[in-house]
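# Structure at a glance
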Amino acid sequence: MTSPIATPNTTAVGLADSTWLTIKKPDLRDWKAVGHGVCSAHHGEILQGMFEVNGKLHRALISVPFGHLISEARFECDENLKTVVVEPRNCVKAQAAAELTLRKCGRKHGGYLTLSSNVPARIGLGSSTADVVATIEATADRCGVDLSTEEVAEFAVAAEIASDGSMFGNRAVLFAQRDGFVLEYFGGQYPHLYIVGFNTDPNGWGVDTLAFPPATYTVKEIKSFQMLRALMRRAIEDRSAALLGRVASCSARINNDHLKKKHFEELERLVEAVGAVGIQVAHSGPIAGIIFDPATAELGERVFETNARVAELYGTQTWCFEVGGRRRGLSK
Amino acid sequence: MIRQAYTTVSDAFELPRILRLGENLYAASFFLMKLLPAKFILDRARDHSLIGPGSTIIETTSGTFGLALAILCAEAGYKLIVVSDPAVDTPLKTRMEDLGTRVEIVREPAAVGGFQGARLERMKQLQSENPDHFWPSQYDNPHNPDAYAPLVEIVVECIGRFDFLVGTVGSGGSMCGTSNYARTIFPEIKAVGVDTFGSVLFGQPDQKRLLRGLGNSLMPKNLDHTIFDEVHWVSAQAAFTATRLLHRSYALFAGATSGAAFMVARWIAAQNPDKAVVCLLPDEGYRYIETVYSDEWLDQNGFSTRHMIESPTNVEHPFAARPEWARLDWNRRTLSEVLAVQEVTM
Ligand SMILES: Cc1ncc(COP(=O)(O)O)c(C=O)c1O
């Protein structure tokens, strides 16, 4: 059999009876006038802490995917501009991310970046990371560069110092948010979870992620994080909502000693009282979620009860969403 | 995750293997459990600049803690002096000495605290002769219990949730540390302590003991009685029988304290078929080849490992505990609360 001669700019396509046809690949460098990128928010964390790798400690987290809220970015090159002009103007982290991505893609010029997002800022839903990741993707898309998720993560951290793991979508990873790499891929899918989310400080000002110093954990707390990471592996392997709920609750409790959530102890009791499997919180904002196993009997009543208790504690409404498993609306 | 080559023996051997011995019975089987606390204690001392290359470590032990220290000190280049008593077995002493440890044997027991008291006295003497020494102090150093998170880590990774933790108690480090860490995730876990007759740990009067490695003549600070839901006392006879059964049934070649823990865990697993039971097996069988594993030795010393005792006798007070096997519902009480209960003579 003769093998096709492949030049760097051509792709060989095999046809049924091994006749070969070579087609010219489009030149991706300028094939699009506009690059597009999109990234969803997250709903705080399942696990957040400090982890040891080869004797070095890294801050890392496992984000809760939250596909209901997204940021979208459009990017256009302009050879006459040296910098990136961003709209809305206050998205400075995204602007930095676009400029960084351009340089990484070998471009010396600037361009126009337009963001549209329905992710509320400062409450721990990862609005800034969603903007930054969408921006990096849009810019790379415009430049015809296909970035891996790992590269997007690295650029995001380079642009905004600390990024959440949103770029990994609904893949469970332990992401070092200040180092920009993945400490562990948990393989498998999230177990099916039903989460009732709410804002524990609905009238507050929220939090600027970089404005407060990161928690200093004790040796014992770091040991506990290591245990929770191990339990996470089992939770994913067994697709166990109950075990995953434990991971989240323990992480939330340890972190509550560093960044207090209002009425946290009441929330822990609420989990028991309504038969939920755990509580998850955002490390950089007042968002929290009560986690249910969707297979729990009388889920509707339990959620109703949760809503009532949350309203009592915080005077606010809740929202519900699902993670992992086979979601409603997805056919078999 | 990718497996890496280990760079030290202590790293390679510190974690147990998790074995499923029955439907709801699991064992954490160690080569040398004491590597965990010994390493954690020395690492913390190094972090706080209490020790460095060439430092002298002085400890009193006649058990596996000494061997763990000997391994770690040989690796790190620390000098080690271990004060022991005639009960130290030859295999242990041989290995420690080969690793460069100076092993000092006290010959006479003290008036109070027996050999353990005498060892402490001799150690204090050596410590004043070496003013720059470091004393790991496994009985009182809080870093002993704090060392056990990696055990919980491997157990929860292998089996997820569990309901009972069963283990022997000497310093209290392994049971108290493991229970406390495990309960940060699963607060409902029941802790079952295994002691032996003639040990003061759970309120029995001090007596000469034939079963070594668990029990104590002095009360260690690392023993927090309030973590225990159940306490069992087992005799040497019962523990030896169980050690041999463990070997014959599963080819699991472990020491006598492992036998004691296995015996209790096996019974608990049978009583609670829908609960997961984990027992701690602290060391391997080599040290016991001439004793527990020798029918001749057993015979000469009046032991018979032919009949496994199947269940314990329940008692309300530690004074009522009699060989071969007694059990008390401790219910997370303090020792004085338990001792304050009126003794019912049977
Ligand atoms: C063989 C063996 N098993 C069990 C124990 C008891 O463990 P702990 O001191 O953690 O209570 C010891 C303690 O020295 C031991 O040497």
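Fair warning: this is a prediction, and the values are worked out from it, not measured in the lab.

### Topic: the overall build of chain B
- Of regular secondary structure, chain B possesses 11 helices and 11 strands.
- The globule rule puts the C-alpha radius of gyration for 346 residues at 20 Å, and the 19 Å found for chain B is close to it.
- Expressed as a percentage of the 346 residues in chain B, the buried residues total 59%.
- Residue pairs in contact within chain B that sit at least 24 positions apart in sequence constitute 69% of those at least 6 positions apart.
- For chain B, the exposed surface amounts to about 14,900 Å²; the carbon and sulfur share of it is 50%.
- With 32 positive and 40 negative side-chain charges, chain B shows a spacing of 1 Å between the two charge centroids.

### Details of the domain arrangement of chain A
All names here are of chain A.
- Partitioning chain A into structural domains gives domain 1 (35-184) and domain 2 (189-323).
- Averaged C-alpha coordinates put domain 1 and domain 2 at centres separated by 24 Å.
- Across the domain 1/domain 2 interface, buried area totals approximately 3,000 Å², and carbon plus sulfur atoms make up 59% of it.
- Area buried by domain 1 at its contact with domain 2 is led by His43, Ile46 and Arg122, which between them contribute 22% of it.
- The interface formed by domain 1 and domain 2 includes two salt bridges.
- A salt bridge links arginine 229 to glutamate 184; its shortest N-O distance comes to 2.6 Å.
- Our enumeration of links across domain 1 and domain 2 arrives at 12 residue pairs in polar contact (both at pLDDT 80 or more).
- Listed by contribution, the elements that provide at least two residues to the side of domain 1 that touches domain 2 are β3 (34-53), β4 (56-78) and β8 (181-185).
- Top element by residues in the side of domain 1 that touches domain 2 is β3. It accounts for 10 residues.

### Description of the interface of chain B and chain A
- Each partner contributes to the interface: chain B provides 20 residues, whereas chain A provides 17 residues.
- Scanning the region where chain B abuts chain A turns up three salt bridges.
- The partner of Glu188(B) in a salt bridge is Arg246(A), with the nearest N and O atoms 3.0 Å apart.
- Taken together, the links from chain B to chain A amount to seven residue pairs in polar contact (both at pLDDT 80 or more).
- When contributions to the side of chain B that touches chain A are tallied by element, the ones reaching two or more residues are α2 (35-47), α6 (149-159) and α7 (173-185) of chain B.
- Sort the elements by how many residues they give to the side of chain B that touches chain A and α6(B) lands first, with eight residues.
- For the side of chain B that touches chain A, the class distribution of residues is 12 nonpolar, two polar and six charged.

### As for the sheet that holds strand β3 (residues 56-60) of chain B
Residues and elements named next belong to chain B.
- What the three strands build is an open sheet, ordered β3-β4-β5; its pairing is parallel. Both edges of this open sheet fall to β3 and β5 (102-105), since each of them pairs with a single strand only. Each adjacent strand pair in this sheet contributes to an overall mean axis angle of 15 degrees, direction not counted.
- Two strands pair when backbone bridges link them, and β3 and strand β4 (residues 79-84) are joined in this way by five bridges, in the parallel orientation. Within β4, the residue paired with glutamate 59 across the bridge is valine 82.
- Across the face of the sheet, helix α3 (residues 64-76) comes into contact with β3 and β4 while running at roughly 170 degrees to β4.

### Comments concerning the environment of Thr168(B)
Residue and element names in this part refer to chain B.
- Looking at where threonine 168 falls in the secondary structure, it is placed in strand β6 (residues 164-168).
- Take threonine 168: its relative accessible area is 8%, and that puts it in the buried class.
- For threonine 168 and lysine 190, which are 22 residues apart along the polypeptide, the C-alpha to C-alpha distance reads 14 Å.
- Setting aside residues up to four positions removed in sequence, threonine 168 forms contacts with Ser174, Met175, Val194, Leu214, Thr257, Ala260, Ala261 and Pro282.

### Some thoughts on the nonpolar core
- Ranked by internal contacts, the top residues of the largest apolar core, which has 91 residues, are Ile46(A), Tyr190(A), Met232(A), Phe162(B), Phe202(B), Phe228(B) and Trp233(B).
- Among the elements that line this core, the one with the most residues is helix α4 (residues 219-237) of chain A, at nine residues.
- Two domains each donate at least three residues to this core, and these are domain 1 (35-184) and domain 2 (189-323) of chain A.
- Judged by nonpolar contacts, the second largest core, of 39 residues, contains Leu246(B), Leu252(B), Val264(B) and Met308(B).

### Looking at the pattern of salt bridges
- Applying the stated criterion to the full structure yields 31 salt bridges over all chains.
- The shortest N-O distance in the salt bridge between Arg309(A) and Glu305(A) comes to 2.7 Å. Taken together, the residues Arg309(A) and Glu305(A), both in helix α7 (residues 299-314) and four residues apart, mark about one turn of the helix.
- On the basis of relative accessible area, Glu305(A) is assigned to the partly exposed category, the value being 35%.
- A single salt-bridge network, built from bridges that share partners, covers Glu184(A), Arg229(A), Arg233(A) and Glu157(B).

### Some remarks on the site of the ligand
Residue and element names in this part refer to chain B.
- Not every one of the 14 residues close to the ligand is listed here, only the nearest: Lys34, Thr64, Gly170, Ser171 and Ser174.
- The contact in question runs from an oxygen atom of the ligand to an N or O atom on the backbone of glycine 170, over 2.6 Å.
- A distance of 2.7 Å separates an oxygen atom of the ligand from a polar side-chain atom of serine 174.
- Its free accessible area being 390 Å², the ligand has 96% of it covered by the protein chains.
- Split by residue class, the shell around the ligand holds three nonpolar, nine polar and two charged.

### Points about the layout of surface pockets
- The computed volume of the largest pocket comes to approximately 2,100 Å³.
- Lining the largest pocket are 40 residues, with Gln226(A), Tyr6(B), Glu14(B), Leu15(B) and Glu153(B) sitting closest to its centre.
- Sorting the residues of the lining of the largest pocket by element identifies β3, β8 and α4 of chain A together with α1 (9-13), α2 and α6 of chain B as the ones contributing at least two each.
- For the lining of the largest pocket, a count of residues per class yields 20 nonpolar, five polar and 15 charged.

### Regarding the pairing of β4(A)
All names here are of chain A.
- Bridge count between β3 and β4: 17 bridges; the pairing is antiparallel. What sits directly across from methionine 50, in β4, is arginine 59.
- The hairpin turn running from β3 into β4, its antiparallel successor, is two residues long, and asparagine 54 in that turn takes a positive phi close to 45 degrees.
- With eight bridges joining them, β4 and strand β6 (residues 110-117) adopt antiparallel strand pairing. Within the sheet, the bridge partner assigned to glutamate 72 lies in β6 and is serine 116.

### What about the packing of helix α6 (residues 264-274) of chain A against α7(A)?
All names here are of chain A.
- Remark: α6 packs on α7, axes separated minimally by 10 Å, with the N-to-C direction vectors making an angle of 160 degrees. The pairing of α6 with α7 is recorded here as roughly antiparallel in orientation. Relative to α7, α6 is oriented so that their crossing is right-handed. Residues Glu266, Leu267, Leu270, Ala273 and Val274 of α6 form the contact with α7, whose own contacting residues are Arg302, Glu305, Thr306, Arg309, Val310, Leu313 and Tyr314.
- When its residues are assigned to classes, the contact of α6 with α7 shows seven nonpolar, one polar and four charged.

Rules used throughout
- Residues numbered from 1 in each chain as written.
- Chains lettered and ligands numbered in written order.
- Predicted model: local features only at pLDDT ≥ 70, side-chain atom pairs only at ≥ 80, totals over all residues.
- Heavy atoms only, no water.
- Helix = DSSP H or I, 4+ residues; strand = E, 2+ residues; numbered from the N terminus.
- Rg over C-alpha atoms; globule rule 2.2 N^0.38 Å.
- Buried < 20%, exposed > 50% of the residue type's maximum accessible area, 1.4 Å probe, protein only.
- Contact = heavy atoms within 4.5 Å.
- Areas by Shrake-Rupley, 256 points an atom, 1.4 Å probe, with all protein chains shown as cover.
- Lys, Arg positive; Asp, Glu negative; His and termini not counted.
- Charge placed at Lys NZ, Arg CZ, Asp CG, Glu CD.
- Domains from an automatic or database assignment.
- Buried area = accessible area lost by both parts, 1.4 Å probe.
- Salt bridge = Lys/Arg side-chain N within 4 Å of Asp/Glu carboxyl O.
- Polar contact = N/O pair within 3.5 Å; in protein donor to acceptor, adjacent residues only side chain to side chain.
- Nonpolar A, V, L, I, M, F, W, Y, C, P; charged D, E, K, R; others polar.
- Pairing = 2+ DSSP bridges.
- Axes fitted to C-alpha atoms, helices over the stretch in contact; angles between N-to-C directions.
- Core = buried A, V, L, I, M, F, W, Y, C linked by side-chain atoms within 4.5 Å.
- Near = heavy atom within 4 Å.
- 1 Å grid on protein atoms, 1.4 Å probe; cavity = no way out; pocket = protein on both sides within 12 Å on 5 of 7 lines; lining within 4 Å.
- Points joined across faces, edges and corners; volume = space filled by probe spheres on them.
- Parallel < 35°, antiparallel > 145°, perpendicular 65-115°, else oblique.
- Left-handed = near helix turned anticlockwise from the far one by under 90°.

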